[in-house]
Amino acid sequence: MAMGKRRAKQEPLFLSAQEIPQAASHPFYAKLNQILERNKVDKRLEHLCKRFYRPVMGRPSMPPGVYFRMLLLGYFEGIDSERGIAWRVADSFSLREFLGFSLTESTPDHSTVSRTRRLMPVETHQAVFRWFVKVLGEEGLMDGQTVAVDATMLEANAAMRSIQRRDDGRGYEEYLKDLAKAEGIEEPTREQAARLDRKRKKKASNKVWKSPTDGDARIAKMKDGRTHLAHKAEHAIDLSSGAVVVITLQAADLGDTTTIGVTLQQAQANAALINERGVEEVVADKGYHSNEVLVDLHEDGVRSYIPEPERGPRNWDGKEKEQKQVYGNRRRMSGRRGKDLQKLRTELTERSFAHMYETGGMRRTHLKGQKNILKRLLFHAVGFNLALLIRKSSGIGKPRTLQGLSDAILLIQIAMTAFAACQIELIEDSELAAGSL
C-alpha cells in the first residue's frame, strides 16, 4: 500500500448551500433552546436591555439572547474565560446552531462579549436571574420556603506577590528590604528577607495590604490551606430542589455572621416571587451561629437550624432575648428534622459549589472587581437552575453527561445484537432438529 502525502489544497472560490457541511444539532442544546423559547427568553431579555441599545449604531451589536447563551455555555462546557467561550463557539457547528448563527456568519469574538458585560449593569443580570427563579417556581421545582446558606472562596485574578501597602504604596519585597535594613542588614538576600518575614505576626493583614489590580480582592485562606487573594461567594439553596435561590459575592475577609444578612435579604425578595410567605426556615453550619444572627432571624419570622459551636458555660445576665433564641435553636437542632435538614444542606450546597466552580470552571476567576465577577456567577447560577429543568424532562442536566452515556448505549447495542444472534441460532438449530426427525 502506497503512503499518501499531505498537500496544500486550493480552496474553491464559490460554494453552494448544498455543499456546506451540516452537523446534527446537539440534543442537549436543542432541548435547552426549546425551554428558552417556550419561556420567551429572547423577548424578555430584549425588554430588560432595551435602554442600553441605541436605534442608530455603526457596528451591529450582539443581541442580549446571544450574550446570555454564550455565558451559559461557559457553565455547561466548563470554560472559565470569555476568550475560550468565543473560540469554542466559532469552532462548533452545534453551538453555532444553539446561538442562531449560520456557517457563513461570524460569531462574536471575546472583546464583544467582554464589552457587552462591562456596559450591561449587574442589576440587569440580577433581574434575569430573578426571572428564572420565578420560572422554576412556575414549573414546580422551587418553593423557597426552606433554604440552606453556605459560602466558598474563589481565587481572585491577582497575585499575592503584587500586593502593596495601603499607607505608602510600597510593594511586599521592598517592605521586607526596609525591615532588613532596620535590623542592620544593608543588602539582604531573598533567604534573609524570608527569615525576617516568618518571624512577624499578622503579616498579611487586609488593613495593611491591598491588591493594586483588584481592589475588591482580599487576602484569605483557601480550603486547601493556601493563602490567596480571594472573593467570597455565598449561596442560598432551596432544600426542596437544590436550586440556587440567590447568590452574592462579598469581601473574603468578612465573617459568615456578617455576610448572611445580605444574602438572606435578597433570598427573601426572590422567594417572594414564588410563594407568599417567603423564606420560613434557614439552615446553615456552625460558622453562622451567633446571638445577633438568631435574634435577627426570629424578628424576621424565620426559624433557624444552625449547629452551636462548643463555647463552654455562658453568662446570660441581661441577655434574656438572646438566651431564648439560642435555646430554641438548640432544641430544634436536637430534633429529627434539624438533623435531616443538616444532611440535606451538606449535600445540596456542596453540589452547587462542585457544579458551578469545579466542573463549571469558576474556582479561579479571570475577571476583576466584584460586580464583573458577580455577572458571570449569576449566569452560572442560571445555568445550574436550567439544568434542573432539563434533568426533570430528559434525565440529563449537562451536555457532557452524554459522553458517559455513549459507552453504556454502545454496550447495550452490542448486547442486544449478540442476544438477537443467539436467538437466530437457536431457531435454526430447532428447525434443523425438526427436519431430521
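This write-up is about the structure you can find in this document. (Residues numbered from 1 in each chain as written. Predicted model: local features only at pLDDT ≥ 70, side-chain atom pairs only at ≥ 80, totals over all residues. Heavy atoms only, no water.)

**A word on the overall build of the protein**
Within the protein one finds 15 helices and eight strands. Residues classed as buried in the protein amount to 43% of the 437 residues present. (Helix = DSSP H or I, 4+ residues; strand = E, 2+ residues; numbered from the N terminus. Buried < 20%, exposed > 50% of the residue type's maximum accessible area, 1.4 Å probe, protein only.)

**Remarks on unusual backbone geometry**
Backbone geometry at K40 places phi at a positive 55°, although glycine is not the residue there. You can see K40 is positioned in the loop between α1 (27–38) and α2 (41–48).

**Focus on the pairing of strand β6 (residues 244–251)**
Most of β6 sits inside the fold, with eight of its eight residues counted as buried. Here seven bridges tie strand β5 (residues 227–238) to β6, and the two strands are oriented antiparallel to one another. Paired with K232 across the strands is Q250, a residue of β6. Between β5 and β6, which pair antiparallel one after the other, the connecting turn spans five residues, and G242 there sits at a positive phi close to 90°. (Pairing = 2+ DSSP bridges.)

**A look at the pairing of β5**
Of all twelve residues making up β5, eleven are buried, and the element is well covered by its neighbours. Pairing of strand β1 (residues 146–155) with β5 involves nine bridges; the strand directions are antiparallel. Note on β5: the bridge partner recorded for V149 is A236. By the bridge criterion, four bridges tie strand β4 (residues 218–221) to β5 in an arrangement that is antiparallel. Note that in β5 the partner of A220 across the bridge is H228. In this structure, the hairpin formed by β4 and β5 is closed by a connection of five residues, where G225 is found at a positive phi of approximately 95°.

**Points about the side chain of N275**
As for its position among the elements, N275 is in the loop between α10 (256–271) and β7 (281–283). Separated by 3.0 Å, the side chain of N275 and the backbone nitrogen of R277 make a polar contact. A polar side-chain atom of N275 sits 2.5 Å from the main-chain amide nitrogen of G278. (Polar contact = N/O pair within 3.5 Å; in protein donor to acceptor, adjacent residues only side chain to side chain.)

**Thoughts on the environment of V149**
Within the secondary structure layout, V149 lies in strand β1. Under the relative-accessibility criterion, V149 is labelled buried at 0%. Remark: the alpha-carbon pair of V149 and I260, spanning 111 residues in sequence, is separated by 7.5 Å. Excluding its chain neighbours within four sequence positions, the residues that come into contact with V149 are E234, H235, A236, I260, L264, V282, V283, A284 and Y288. (Contact = heavy atoms within 4.5 Å.)

**What to know about the nonpolar core**
As a rule of thumb, nonpolar side chains are buried together in soluble globular proteins. Counting 93 residues, the largest nonpolar core has L32, F68, F132, Y357, L377 and L386 as its most contacted members. The dominant element in this core, judged by the number of residues it contributes, is helix α14 (residues 370–394), at 13 residues. Of all hydrophobic cores here, the second largest spans eleven residues; its members include A156, Y172, Y175 and I219. (Core = buried A, V, L, I, M, F, W, Y, C linked by side-chain atoms within 4.5 Å.)

**Details of helix α7 (residues 122–138)**
If you check α7, its first and last C-alpha atoms are 25 Å apart, about what 17 residues at 1.5 Å a residue would give, namely 24 Å. Among the 17 residues that make up α7, twelve are buried, leaving the element largely enclosed by the rest of the structure. Here α7 has its buried residues at V122, T124, H125, Q126, A127, V128, F129, W131, F132, V133, V135 and L136. G140 sits one or two positions beyond α7 and adopts a positive phi of about 80°. (Expected span 1.5 Å × (residues − 1).)

**A look at the packing of helix α3 (residues 64–76) against α14**
In a pair of packed helices, the angle between the axes and the distance between the axes together describe the arrangement. Across the interface, α3 lies against α14 with an axial gap of 8 Å and an inter-helix angle of 75°. Considering their axes alone, α3 and α14 lie roughly perpendicular with respect to each other. Residues Y67, F68, L71, L72, G74, Y75 and F76 of α3 form the contact with α14, whose own contacting residues are R376, F379, H380, V382, G383, F384, L386 and A387. Its residues assigned to classes, the contact of α3 with α14 shows eleven nonpolar, three polar and one charged. (Axes fitted to C-alpha atoms, helices over the stretch in contact; angles between N-to-C directions. Parallel < 35°, antiparallel > 145°, perpendicular 65-115°, else oblique. Nonpolar A, V, L, I, M, F, W, Y, C, P; charged D, E, K, R; others polar.)

**Here we look at helix α11 (residues 291–299)**
When α11 is considered as a whole, its buried residues turn out to be N291, V293, L294, V295 and L297. For α11, the secondary structure elements touched by its buried residues are α10, β7, β8 (303–305) and α12 (320–334). Just downstream of α11, G301 is the residue with a positive phi angle, here 75°.

**Some thoughts on the packing of α12 against helix α13 (residues 336–358)**
Axis separation between α12 and α13 bottoms out at 4 Å; the angle between their running directions is 80°. Viewed along their axes, α12 and α13 adopt a mutual orientation that is roughly perpendicular. Contact residues: R332, M333 and S334 in α12; R336, G338, K339 and Q342 in α13. A per-class count over the contact of α12 with α13 returns one nonpolar, three polar and three charged.

**Describing the environment of V382**
Looking at the secondary structure, you find V382 in helix α14. Using a relative accessible area of 0% as the deciding quantity, one classes V382 as buried. Separated by 250 residues in sequence, V382 and F132 place their C-alpha atoms 6.8 Å apart. The residues touching V382, leaving out its near neighbours within four places in the chain, are F68, L72, F129 and F132.

**A look at the pattern of salt bridges**
Here the structure, examined in full by the defined rule, presents 21 salt bridges. As a salt-bridge pair, E82 and R117 come within 2.6 Å of each other at their nearest N and O atoms. Note that E82 is positioned in helix α4 (residues 82–91) and R117 in helix α6 (residues 110–119), a separation of 35 residues in sequence. The class of R117 is buried, set by a relative accessible area of 4%. Between R226 and D224 there is a salt bridge, with its nearest N and O atoms 2.6 Å apart. Residue classification places R226 among the partly exposed residues on the basis of a relative accessible area of 45%. Sharing partners across several salt bridges, the network here consists of R165, D167, D168 and R170. (Salt bridge = Lys/Arg side-chain N within 4 Å of Asp/Glu carboxyl O.)

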